[in-house]
Amino acid sequence: MLNSRIANAAREQMKPPIRNVGVIGWLRENLFNNWFNSILTLLVLYGLWLFVPPLFRWAFVDSLWFSSAEACRDINGACWSIIPDNASFIFFGFFPKGEHWRPLLTMLLLFGLVFYSKDSKHWKRSLGIYWTIGLISMGTLMYGGVFGMPVVETDQWSGFPLTLMLALFGMVFAYPLGVLLALGRRSKLTGIKSLCVVYIELIRGVPLISLLFMSSVMFPLFLPEGISIDKVLRAQVAIILFTAAYIAEVVRGGLQAIPKGQYEAAESLGLGYGKTMRLIILPQALKIVIPPSVGILISAFKDTSLVVIIALYDVLKTTQVTLSNPTWMGYSREAYLFLAALYFICCYAMSSYSRKLERALHTGR
Amino acid sequence: MKRATLDTQTSGTNGDLPPTVPFWRDPDKRGMVFQIVVLLLALSIGYVLFTNTQANLKRQSIATGFGFLQREAGFEIGDPAIAYTAADTYSRALLVGALNTLKVSFVGILLTLLLGVIVGISRLSRNWLVSRLSGGFIEVMQNIPILLQLFFWYALFYEAFPAPRQALNPLPGVFLCNRGLIFGVLADHPVHSHMLIALLVGVFGWWLLARWGHKVQDNTGRILPIHRMGIGLCLLLPLLLWLFAGAPTALNIPVLKGFNFSGGVTVSPEFSALLLGLVLYTSAFVAEIVRAGIQAVDRGQVEAAMAIGLRPGQVLRLVILPQALRVIIPPLTSQMLNLTKNSSLAIAIGYSDFVSVANTTINQTGQAIEGVALIMAIYLCFSLSTSVFMNWYNKKMTLVER
């Protein structure tokens, strides 16, 4: 009797009402689940309706994509033609016209290497060798002087390759320096420790552009007479010194996260300081700080744009030069939006990769 | 260090072992030697740089020292915070620059906190549309260099907004054109300063009331409507004073005269673009910090708060935010410092902040070392004072555990 009642109840169980499933259910759940959210949704929709259609019209309907600057004067929409018309200057700046394949190949090589390094299965010693070979061949491609490629001095390196180079070398050289600084900051030797603390706090306390100023106006005063260092290199040094201080703090966080037992275990094995760090502590600490390091790389990439202020021709500066051309004056919105999209794609790819990495490395604990 | 003590101990109890280890195996002594070497290296690098600099300065016959600060600057500064003319000294010009930096940083930090908290909370909203929109805002703002954003807003002011004659007029008395944002204010009247004092008295009264209310609540458990009373006090005192002064309502409305507006308050395009860029960029980072802080609060806390019948707003205000603040404050401090440091990019769009004034000074006097040293000193000052204040606040807010 009881059994049959249960069976009946089970049979009477109905499907959920249509209001809770499907599109309507989703809408009720996510947009209109109470009066406050309903009002909020309506307000946001109204705001979007005010802004999106005119913007869409401006960017896509009334716009021109491949035309002359004269044709753009007659339209109400965006004039995207400024990009394809000046692409080679925006991307490669003053690199000699006939040689544009060299920075292009360099960039492709770089993207290839980055793409290859994305997969954590490839993180072996061979990766380091590939990178070394890659960096050397990129440098050779850019500078030339061999295989019949004419020499291109560094002051002609400009545009997007310069942006990428400043960021890449900033990271590659800042990382080891940052690790050393972090180790120094955690060191028991008071002299070393205070030196590192002063360095890190000093650099982190001032804006990057004050360092760039230092590199451009003060650094020449430091050098003995007759020796001058290339402007790009000086800016690069400033970026490296700046990034290293930030890396040092990130790595310090990683070092602090290593349990004391690991140090004690290494000590009980009779390992010295160098071996303890190299074999036990750093491999663990650096693994922990990979995601925040990617964060530093992203900001280093964005911060390279500040070299505009000391008149280096990175991709932002070449865009501005294009805009100062009377033919294309007045289309800065289009040019800057394009540049924003370019930076956004690069940075977003890095940050979403860092998030993926964080999830992949978040094992246990 | 441990090994050394171990060795001396064993050597003390057991005479067979050699009494000391050779000094290159003793970590203490090795560390000492290493430190001396590094310090000597640093000192000698410093010495070489110093002598080179001396020689170079002599050859280029650049004066050293801060004597130039007393000389006439001879350049104009756009919207100075205090009275300034080109005839004033470099030190006054630099002071104006420093005050401009303080002004844009202070206003920027306030607006950033406001916008960042709103976006951070909306990111967690159950409303799909709102949370996606704020997520998009965060991603876009975080991933575009701030300098590019500044250029964009600045260009927008100059290219998209019309000349004063065709100024946009979104609200009565408010004009938007390529000369900046111009809006009307109450005409100057002596009672205004008195009203400000009355407001401060009101705030102080509110604080006293709150203390008294806490005491009453602790002793008797009665909850008094303290904050309603406090707000009333803050509004009523200045209002009474205003009525007493004969309720002056004269307005200082901007009027178009010739090619520009006169009257009202003008916010220059440089300041507006800088503020807009700094606030939008930094608030995206603040929003992520706020979100992470809120998510760090244990879910049980929310459930417990709901179980005792608090409404969502109350849960947020009384339970989540006080706990989240502890996680939020340290990274928030560094974002505030970032905003202050990023305000130095003002130089790129022609707003006269400290760096911009110092740069002009360097170009005019050639005294690069003093100029860069001043820039660094002032930013270190800002950084250190902000972090001292935030550390104090942090200590005050930290959880007191048994």
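All figures in this text were calculated on a predicted structure; none of them were measured in a lab. (Residues numbered from 1 in each chain as written. Chains lettered and ligands numbered in written order. Predicted model: local features only at pLDDT ≥ 70, side-chain atom pairs only at ≥ 80, totals over all residues. Heavy atoms only, no water.)

On to the overall build of chain A. Looking only at helices and strands, chain A has 16 helices and zero strands in total. Expressed as lengths along the three principal axes of its C-alpha atoms, the size of chain A is roughly 100 × 80 × 40 Å. Sorting the 365 residues of chain A into buried and exposed places 43% on the buried side. The contacts of chain A with a sequence gap of at least 6 include a subset with a gap of at least 24, amounting to 67%. Working note: accessible area of chain A is about 20100 Å², and carbon and sulfur atoms make up 68% of it. Here chain A contributes 32 positively and 20 negatively charged side chains, and the mean placements of these two sets differ by 13 Å. (Helix = DSSP H or I, 4+ residues; strand = E, 2+ residues; numbered from the N terminus. Buried < 20%, exposed > 50% of the residue type's maximum accessible area, 1.4 Å probe, protein only. Contact = heavy atoms within 4.5 Å. Areas by Shrake-Rupley, 256 points an atom, 1.4 Å probe, with all protein chains shown as cover. Lys, Arg positive; Asp, Glu negative; His and termini not counted. Charge placed at Lys NZ, Arg CZ, Asp CG, Glu CD.)

A few words on the side chain of B:S352. Inspection of the secondary structure assignment puts B:S352 in the loop between helix 11 (346–349) and helix 12 (354–365). Non-local contacts of B:S352, meaning those with residues more than four positions away in its chain, are made with B:I77, B:G78, B:G97, B:N100 and B:V357.

Right, let's get into the environment of A:Y313. All names here are of chain A. Examined against the element boundaries, Y313 turns out to sit in the loop between helix 14 (290–303) and helix 15 (315–324). Separated by 224 residues in sequence, Y313 and F89 place their C-alpha atoms 11 Å apart. Not counting residues within four places of it along the chain, the set of residues in contact with Y313 comprises F94, S158, G159, L162, T318 and V321.

Quick look at helix 7 (residues 226–244) of chain B now. The α-helix winds at 3.6 residues per turn, so residues separated by three or four positions along the chain end up facing the same way. Residues and elements named next belong to chain B. The end-to-end C-alpha distance of helix 7, which contains 19 residues, comes to 26 Å, matching closely the 27 Å that a straight helix rising 1.5 Å per residue would cover. All of the buried residues in helix 7 are I226, G230, C234 and P238. With its phi angle positive at about 90 degrees, G246 sits one or two positions after the end of helix 7. (Expected span 1.5 Å × (residues − 1).)

With that settled, consider the pattern of salt bridges. All names here are of chain B. For the coordinates displayed, the defined rule picks out ten salt bridges over all chains. For D88, the salt bridge goes to R92, with nearest N and O atoms at 3.8 Å. Judged by its relative accessible area of 22%, D88 is partly exposed. Here R92 falls in the partly exposed class, since its relative accessible area comes to 31%. Two residues, E288 and R291, come together in a salt bridge whose shortest N-O distance is 3.2 Å. Placement of the pair is E288 and R291 together in helix 8 (residues 269–295), with a separation of three residues, close to one helical turn. (Salt bridge = Lys/Arg side-chain N within 4 Å of Asp/Glu carboxyl O.)

Attention shifts here to the interface of chain B and chain A. Across the contact, 53 residues belong to chain B and 59 residues belong to chain A. With both sides pooled, the region where chain B packs onto chain A buries about 4800 Å², and carbon together with sulfur makes up 71% of that total. Counting across the interface, chain B meets chain A through one salt bridge. Of the charged contacts, one joins B:E139 and A:R355 as a salt bridge, the two residues approaching to 3.0 Å between their closest N and O atoms. For the pair chain B and chain A, the interface holds twelve residue pairs in polar contact (both at pLDDT 80 or more). For the side of chain B that touches chain A, the secondary structure elements donating two or more residues are helix 2 (27–59), helix 4 (128–142), helix 5 (146–159), helix 8, helix 10 (312–342), helix 11, helix 12 and helix 13 (368–397) of chain B. Among the elements that line the side of chain B that touches chain A, the one with the most residues is helix 2 of chain B, at twelve residues. Taken together, the residues of the side of chain B that touches chain A sort by class into 33 nonpolar, 14 polar and six charged. (Buried area = accessible area lost by both parts, 1.4 Å probe. Polar contact = N/O pair within 3.5 Å; in protein donor to acceptor, adjacent residues only side chain to side chain. Nonpolar A, V, L, I, M, F, W, Y, C, P; charged D, E, K, R; others polar.)

Our next topic: the packing of aromatic side chains. All names here are of chain A. On inspection of all chains with the given rule, the structure shows 25 aromatic pairs over all chains. With a centroid separation of 6.3 Å and 20 degrees between ring planes, the pair formed by F60 and W65 is classed as stacked. F60 gets classed as partly exposed once you look at its relative accessible area, which sits at 49%. Its relative accessible area of 39% is what places W65 among the partly exposed residues. A connected cluster of aromatic rings, assembled from ring pairs, spans F56, W58, F60, W65 and W80. (Phe/Tyr/Trp six-rings, centres within 6.5 Å; stacked < 30°, edge-to-face > 60°.)

Residue and element names in this part refer to chain A. Within the largest apolar cluster, 135 residues are counted, with the highest numbers of intra-cluster contacts made by F160 and F301. Beyond its immediate chain neighbours, meaning those up to four positions away, F160 contacts I90, F91, M107, F111, F301, V315, L342 and C346. Ranked by size, the runner-up nonpolar core spans 26 residues in total, among them A174, I258, L282 and I296. (Core = buried A, V, L, I, M, F, W, Y, C linked by side-chain atoms within 4.5 Å.)

So, about a nonpolar patch on the surface. Residues and elements named next belong to chain A. A cluster of nonpolar side chains, namely Y46, W49, L50, F51, V52, F56, F60, V61, W65 and F66, defines an oily patch on the protein surface of about 1200 Å² accessible area. When you line up the elements, F56 lands in helix 3 (residues 35–61). Judged by relative accessible area, F56 falls into the partly exposed class, the value being 47%. (Patch = residues over 30% accessible without salt bridge, like charges linked within 9 Å, V, L, I, M, F, W, Y side chains within 5 Å.)

Turning to the packing of helix 11 (residues 231–257) of chain A against helix 13 (residues 273–288) of chain A, a few remarks are in order. All names here are of chain A. The contact between helix 11 and helix 13 brings their axes to 8 Å, and the two run at 120 degrees. The angle between helix 11 and helix 13 places the two elements in the oblique class. In this structure, helix 11 meets helix 13 at a crossing whose hand is right-handed. Judged by residue contacts, V251, G254, L255 and A257 of helix 11 engage I281, L282, A285, L286 and I288 from helix 13. (Axes fitted to C-alpha atoms, helices over the stretch in contact; angles between N-to-C directions. Parallel < 35°, antiparallel > 145°, perpendicular 65-115°, else oblique. Left-handed = near helix turned anticlockwise from the far one by under 90°.)

Another point: the sheet that holds strand 2 (residues 174–177) of chain B. Residues and elements named next belong to chain B. Strand order in the open sheet formed by four strands is 1-2-3-8, with antiparallel pairing between adjacent strands. Both edges of this open sheet fall to strand 1 (168–171) and strand 8 (265–267), since each of them pairs with a single strand only. Here the average twist between neighbouring strands, direction ignored, is 25 degrees. Of the pairings in the sheet, the one linking strand 1 to strand 2 comprises two bridges and is antiparallel in character. Opposite L168, over in strand 2, you have L176 as the bridge partner. (Pairing = 2+ DSSP bridges.)

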